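Read off the chains here:
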Amino acid sequence: MTEPAAAQVMLVVELTTRPGAQRAMREALARLVDATRQEQGVVRFEAGFDPDDDTRVLGYEIWASQDALDEHKAKAHTREFLARARELVVDPSVPLRSSRWRPMREELPAAYALGTPALAPPAAPPPGFTSERRLVNDVRLHYVIGGSGPPVVLLHGFPNTWYAWRDVMPRLAERHTVIAVDLRGLGDSDPGTQPNDVPTGADDLHGLAAGLGLGPVLLAGQDWGGSTAFAFAAAHPDEVRRLAVIEAMPAGPWTETGPDRGGPWFAGFHQVPDLPERMVAGRERIYLDWFFRAYSATAGVPTAAAADEYVRCYARPGAMASAFARYRGTSRQIEHNAKHLSRPLDLPVLGIGGERLFGAAVAENLRHGASDVRQEVLAGCGHYVAEERPAELASLLLSFFDET
């Protein structure tokens, strides 16, 4: 006779932070969440701040059994969080309040829960690179860093992560310190509480560069990463030595808006509030595969391993919403760039397009906001330049970045 399965334990948890201690609580909570999600017995562990009251922290937990919860309570990271919470909450004698609950339907394990079929380990960095995280503003940004020399920062687009740059990074690292960043809410970076849009991403990059002590950087971005890189250069031109924009059309006062603007079907679809993420939930692989087939002009791109990595990241709770938020934030991008570009950027800018998609339009668009724009169009290439033409792109970037 088999033993009955252990009953899951489900908790709702609430903390009330002292006014002025919200940032410290956010940092402590981020450490707890990251460590707890690696535990063997966790099924789901979510925590966040009330959008209308940032002193109020709410969370819900599902544990495989009471034994698993007891083991969690004994962990060093749990004890450290409780000790820190007593310093930050309104009532140190009761740092948190919890109650048990039952869902109306069975809860599925989260993708990060160990031992579930949904779990896939993050892709390994290229040899000589390391995966790191740093708290910037309200998020912990994930980035991969390696090499030595003048810093090069790489930003990805949709539906990719830092991993899109994996074959370009080693070549650049022969002469440079290379930092490939996951944009907030995407890859393995936190979504935070601020808008997941281009201006916020530019501010994130400003904070990351300052925190790492990079000084003026050489910057390249593809797709939404290109728009984010341009917005960063517009707001902080003294922090960018040279800028490369790849298969991206940064928006500004020159950008047509309104219902008659046109553009691909999905751009309008992604701007509809709430609907796209609901329709795509659980179908992330099907949805992303459509983009890979539609916009890659190179056989085998992305590779099966790359597609798996992108699906792993975009299937995370909230990741698709973070991606769609960038489409919904175009007006804020226009306002941001209009505010900061009283005159065109005067630093060297390289516009790179794939012949099968944006092509020369990348450089043409950039000339609205920059005075020194060079143009490259890669023959036979689609949208995913870093993966379709990694060697050619690395050569172009090295030639541009190291130009004297």
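Anyway, here's the lowdown on the structure attached to this text. (Residues numbered from 1 in each chain as written. Predicted model: local features only at pLDDT ≥ 70, side-chain atom pairs only at ≥ 80, totals over all residues. Heavy atoms only, no water.)

1. Let's talk about the environment of E87
- Within the secondary structure layout, E87 lies in helix α3 (residues 76-88).
- For E87, a relative accessible area of 46% corresponds to the partly exposed category.
- For E87 and G225, which are 138 residues apart along the polypeptide, the C-alpha to C-alpha distance reads 39 Å.
- There is a polar contact of 2.6 Å between the side chain of E87 and the side chain of R84. (Helix = DSSP H or I, 4+ residues; strand = E, 2+ residues; numbered from the N terminus. Buried < 20%, exposed > 50% of the residue type's maximum accessible area, 1.4 Å probe, protein only. Polar contact = N/O pair within 3.5 Å; in protein donor to acceptor, adjacent residues only side chain to side chain.)

2. Section: the environment of V9
- Within the secondary structure, V9 is located in strand β1 (residues 9-16).
- Along the primary structure V9 and R241 are separated by 232 residues, whereas in three dimensions their C-alpha atoms are 54 Å apart.
- Here V9 is in contact with E61, I62, W63, S65, Q66, L69 and R100, once residues within four sequence places are set aside. (Contact = heavy atoms within 4.5 Å.)

3. A look at unusual backbone geometry
- The omega torsion of the bond from F158 to P159 falls at 0°, within 30 degrees of zero and hence cis.
- Position of P159 among the secondary structure elements: in the loop between β7 (151-155) and α4 (169-172).
- P302 follows V301 through a cis peptide bond whose omega is 0°.
- Locating P302 in the fold gives a position in the loop between α9 (284-295) and α10 (304-314).
- Non-glycine residue N137 carries a positive phi angle of around 55°.
- With respect to the helices, strands and loops of the structure, N137 is situated in the loop between β5 (129-136) and β6 (139-147).
- Of note, the phi angle at D274 is positive, near 70°, even though the residue is not glycine.
- Residue position: D274 is located in the loop between α7 (265-271) and α8 (275-280).

4. Brief notes about the side chain of E284
- When you line up the elements, E284 lands in helix α9.
- There is no salt bridge for the buried E284, and the closest opposite charge comes from R283, which lies 8.3 Å off by N-O distance.
- Among residues more than four places away in sequence, those in contact with E284 are Y314, A315 and M320. (Lys, Arg positive; Asp, Glu negative; His and termini not counted. Salt bridge = Lys/Arg side-chain N within 4 Å of Asp/Glu carboxyl O.)

5. With respect to the pairing of strand β12 (residues 373-378)
- As defined by bridge partners, strand β11 (residues 349-354) adjoins β12 across six bridges and the pair is classed as parallel. Bridge assignment links G351 to a residue of β12, and that residue is Q375.
- Of the crossover connections in this fold, the one passing from β11 over helix α13 (residues 361-366) to the parallel β12 is right-handed. (Pairing = 2+ DSSP bridges. Right-handed = clockwise from strand over helix to strand, strands pointing away.)

6. Things to note about the sheet that holds strand β2 (residues 42-50)
- Taken together, the four strands give an open sheet; going across it, the order is β2-β3-β1-β4, and neighbouring strands pair in antiparallel fashion. Looking along the sheet, the strands with just one partner apiece sit at the ends: β2 and β4 (97-100). Averaged over all pairs of adjacent strands, the angle between strand axes in this sheet comes to 15°, irrespective of strand direction.
- As paired elements, β2 and strand β3 (residues 53-63) share eight bridges and run antiparallel to each other. Bridge pairing in β3 links G48 to L58.
- Its contacts with the sheet place helix α2 (residues 66-74) against β1, β2, β3 and β4, and it is angled at close to 135° to β3. (Axes fitted to C-alpha atoms, helices over the stretch in contact; angles between N-to-C directions.)

7. Examining the sheet that holds β5
- Strand order in this open sheet of eight strands is β5-β6-β8-β7-β9-β10-β11-β12, and the pairing throughout is mixed. With one partner strand each, in any of the chains shown, β5 and β12 form the two edges of the open sheet. Averaged over neighbouring strand pairs, the angle between their axes works out to 20° when direction is ignored.
- Across the sheet, helix α5 (residues 198-212) lies against β5, β6, β7, β8 (177-181) and β9 (217-222), angled at about 110° from β5, the strand it touches most.

8. Remarks on the packing of α9 against α10
- Relative orientation of the contacting elements α9 and α10 amounts to 130°, with a least axis distance of 10 Å. Taken together, the axes of α9 and α10 are oblique relative to one another. Seen from above, α9 lies across α10 with right-handed handedness. From α9, E284, R285, L288 and F292 reach across to α10, where they touch A307, D308, Y310, V311 and Y314.
- Here the contact of α9 with α10 is built from residues that sort into six nonpolar, no polar and three charged. (Parallel < 35°, antiparallel > 145°, perpendicular 65-115°, else oblique. Left-handed = near helix turned anticlockwise from the far one by under 90°. Nonpolar A, V, L, I, M, F, W, Y, C, P; charged D, E, K, R; others polar.)

9. Looking at the nonpolar core
- In this structure, W165, L219, L243 and L397 are the most contacted members of the largest nonpolar core, which totals 92 residues.
- Other than its neighbours up to four places away in sequence, L219 contacts V153, L155, L205, A229, F232, V240, R242, L243, A244 and F401.
- Listed in part, the 22 residues of the second largest apolar core include L11, V13, L29 and L88. (Core = buried A, V, L, I, M, F, W, Y, C linked by side-chain atoms within 4.5 Å.)

10. Thoughts on empty space enclosed by the protein
- Within this structure, the stated rule accounts for one cavity of 30 Å³ or more.
- Estimates place the volume of the largest cavity at around 80 Å³.
- Top element by residues in the lining of the largest cavity is α5. It accounts for four residues. (1 Å grid on protein atoms, 1.4 Å probe; cavity = no way out; pocket = protein on both sides within 12 Å on 5 of 7 lines; lining within 4 Å. Points joined across faces, edges and corners; volume = space filled by probe spheres on them.)

11. Concerning the packing of aromatic side chains
- In this structure the tally under the stated criterion is 22 aromatic pairs.
- Arranged with centres 6.2 Å apart and planes meeting at 90°, the rings of F158 and Y327 form a pair that is edge-to-face. Taken together, the residues F158 in the loop between β7 and α4 and Y327 in helix α11 (residues 319-328) connect sequence positions 169 residues apart.
- F158 sits in the buried class, given a relative accessible area of 5%.
- Where W265 meets F266, the ring centres are 5.9 Å apart and the plane angle is 90°; that geometry is what we call edge-to-face. (Phe/Tyr/Trp six-rings, centres within 6.5 Å; stacked < 30°, edge-to-face > 60°.)

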